[in-house]
Amino acid sequence: MSISDNLKNLYLQIPGRVKLVAVSKTKPVDIIMEAYNAGHKIFGENKAQELIEKHSKLPNDIEWHMIGHLQTNKVKYIASFVSLIHSVDSFKLLNTINREALKHERMIDCLLQLRIAREETKYGLNHDDIKDILSSEEFKELKNIRITGLMGMATYTNDDSVIKSEFAFLTSCFSEIKRIYFNSSDYFKELSMGMSDDYLLAIEAGSTIIRIGSIIFGPRY
Ligand SMILES: *Cc1c(COP(=O)(O)O)cnc(C)c1O
């Protein structure tokens, strides 16, 4: 199966309201161009360095998403072009993104990453961290970022019930946060959840953005 076939099959399975981010990490630019030439324009990378390099080599109408942990000292290199940062996991990072966005006179859309997995993961905020950030005075000062939703990653397991309950938890946090902090805004609407192994469960649970690598590009070695 070609990359173009893989994309077509995926499009057939996902509802129109769900955005597909093609996760191109570790894949070379000629492979990414195959997906681009098949008509796909939204790509995600999990390392700033790789994102910067690929952005410089690939067509300008690609929408680039940062999906992995982002160090504050790397923000300045992606601030001019990044479309959505899925992985905001601290106020410090958000503050840096705001400052760099201001330098480029733009608004950068961000998702707050909620830690939902059972397994010990290094990155992500818990529910209380998110509330602390959103209710703080410092947050209200940030005029060049916009929180458009939440992102989460389920436990890597074959047990669907675990994945389902983690996605349900993320969805309920999303609704609660929307109700408390974004009730009057229409831009807090994205729920980034679902990868190659669990995207159907994620869509059932209300995902609006899925991040798919292996199904499109094949396994990573
Ligand atoms: C690698 C990665 C994905 C895609 O993983 P696949 O299992 O290949 O679909 C999605 N989200 C994040 C944050 C990733 O790092």
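Look a little higher up for the structure.
Rules used throughout
- Residues numbered from 1 in each chain as written.
- Predicted model: local features only at pLDDT ≥ 70, side-chain atom pairs only at ≥ 80, totals over all residues.
- Heavy atoms only, no water.
- Axes fitted to C-alpha atoms, helices over the stretch in contact; angles between N-to-C directions.
- Helix = DSSP H or I, 4+ residues; strand = E, 2+ residues; numbered from the N terminus.
- Parallel < 35°, antiparallel > 145°, perpendicular 65-115°, else oblique.
- Left-handed = near helix turned anticlockwise from the far one by under 90°.
- Contact = heavy atoms within 4.5 Å.
- Nonpolar A, V, L, I, M, F, W, Y, C, P; charged D, E, K, R; others polar.
- Buried < 20%, exposed > 50% of the residue type's maximum accessible area, 1.4 Å probe, protein only.
- Arc of directions from axis to C-beta.
- Core = buried A, V, L, I, M, F, W, Y, C linked by side-chain atoms within 4.5 Å.

Asker: What is the right way to read the packing of helix α6 (residues 127–135) against helix α8 (residues 160–181) from this model?
Answerer: Across the interface, α6 lies against α8 with an axial gap of 12 Å and an inter-helix angle of 20°. Compared by their axis directions, α6 and α8 come out roughly parallel. α8 is crossed by α6, and the crossing has right-handed handedness. Together, His127, Ile130, Lys131, Leu134 and Ser135 of α6 and Cys173, Glu176, Ile177, Ile180 and Tyr181 of α8 make up the contact between the two elements. Looking at side-chain class alone, the contact of α6 with α8 contains six nonpolar, two polar and two charged residues.

Asker: Is there a simple way to think about α6 in this case?
Answerer: Since the α-helix turns once every 3.6 residues, residues separated by three or four places project in the same direction. For α6, the full list of buried residues reads Ile130, Ile133 and Leu134. Projected down its long axis, α6 shows its buried positions confined to an angular sector of 90°, all on one face. Every exposed residue of α6 that faces more than 90 degrees away from the buried side is listed here: Asp128 and Asp132. The secondary structure elements touched by the buried residues of α6 are α5 (91–103), β5 (108–114), α7 (137–140), β6 (145–152) and α8.

Asker: Is there a simple way to think about the nonpolar core in this case?
Answerer: General note: in soluble globular proteins, nonpolar side chains tend to be found buried as a group. Ranked by internal contacts, the top residues of the largest apolar core, which has 62 residues, are Ile85, Ile147 and Leu150. Take this core: its biggest share by element is six residues, from α8. The residues touching isoleucine 147, leaving out its near neighbours within four places in the chain, are Leu94, Cys110, Leu112, Leu134, Phe139, Phe182, Tyr187 and Phe188. Listed in part, the six residues of the second largest apolar core include Ile42, Leu84, Leu111 and Met151.

Geometric descriptors of this kind do not, in isolation, establish any biological role.
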